[in-house]
Amino acid sequence: MKKISILLAMTIVLSSCVSKKKYMALEQENGEIKSQLTKTQVEKEDLENKFAKIQERVDRYNQKINSLNEDVEGLKIENDIKLDVNADGTLMSNESKRRMLATLEKVDATKLAEAKTLKDSMNLAVQYNLEKSLETTDLNEDEDIAVNINETVVMISISDKMLFNTGSYRISSKANTILQKLADVINSEESIDVMVEGHTDSRSINTEKIKDNWDLSVLRATSVVRKLQNKYNVDPAKLIASGRSSYQPLVENNTRENRSKNRRTRIILMPNIDKFFALMEAN
């Protein structure tokens, strides 16, 4: 009986020792797991911080790239609008040059061959665009209208038979078409100023209403200005009326044909040349 009691006591003690070892082992394993979990959490947070920093750098680089792209575009625009002084003294931007070259592709090859300088090419381009804009079925290009450019001043010379009856300053009805198109050009450009010059031949005139050629040339210019203002809504602040009498003839007043050439109204447009080319393209 005593032996049995001893054996039972030893069994309980041994069982207690085994359970304690397993417990300690489990406790150790649990500690290692917790430690690994903590380490993993720290590594995760560290990676998240690193990722956030990387994303921040990427965002900064993207902003710099966008800023550079804007600068490049800005430089391109600035380069396009920058005025260059050409060898013959003309001022022209790169954008105007591109527009001019595009227009010159449409100009008659014979006329183009006569252009010796950039200014000559500008003349041809503006002539082509403006004549297309002012084109009418009643227009004789060689006799009724001439278009030229001097630096940034566009000059349109219109025969008096397109605008007036002989010896009169009243505008004829056949002038409506060309004045309407001229007004469209003027009204489309905010920065343009317009001088209207009257020119006569050398034959003297003296009537109840017209004292001399000075009077006639000014009255004709004033009639055109009033028509542009009152009928076609051109801003009068843009308009200048002047008369030259017979003192700036194109040719000698020795024949009927020559006198007809000298009787004319000259419209002088003073626009921004870049906007002018854009306007002519649109028309």
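Residues numbered from 1 in each chain as written. Predicted model: local features only at pLDDT ≥ 70, side-chain atom pairs only at ≥ 80, totals over all residues. Heavy atoms only, no water.

Let's talk about the pattern of salt bridges
The cut-off we apply is this: Only one rule defines a salt bridge in this text: a Lys or Arg side-chain nitrogen within 4 Å of an Asp or Glu carboxyl oxygen. Each helix is a run of H or I in the DSSP string that is no shorter than four residues. Each strand is a run of E no shorter than two, and both are numbered from the N terminus.
Across all of its chains, the model carries 7 salt bridges by this definition. Here E197 ties to R244 by a salt bridge, and the two come within 3.3 Å at their closest N and O atoms. Here E197, found in strand β5 (residues 193-199), pairs with R244, found in the loop between β6 (239-243) and α7 (256-262); they are 47 residues apart in sequence, far enough to count as distant.

Focus: the pairing of β6
Spelled out, the test is: Paired strands are those between which DSSP finds at least two bridges. With the strands pointing away from the viewer, any crossover whose connection runs clockwise from the first strand over the helix to the second is right-handed.
As paired strands, β5 and β6 are joined by 5 bridges and run parallel to one another. Along β6, the bridge assignment pairs V194 with L239. Chirality of the crossover, the property in question, places the unit of β5, helix α6 (residues 213-230) and β6 among those that are right-handed.

Here's the deal with unusual backbone geometry
Here is the rule: Relative accessibility thresholds used throughout: buried, under 20% of the residue-type maximum; exposed, over 50%; partly exposed, between the two (1.4 Å probe, protein chains only).
At N233, a position not held by glycine, the phi torsion is positive, near 60°. If you trace the backbone, N233 turns up in the loop between α6 and β6. Positioned with a positive phi, S245 is a non-glycine residue whose angle comes to about 55°. Residue placement: S245 occurs in the loop between β6 and α7. Judged by relative accessible area, S245 falls into the buried class, the value being 2%.

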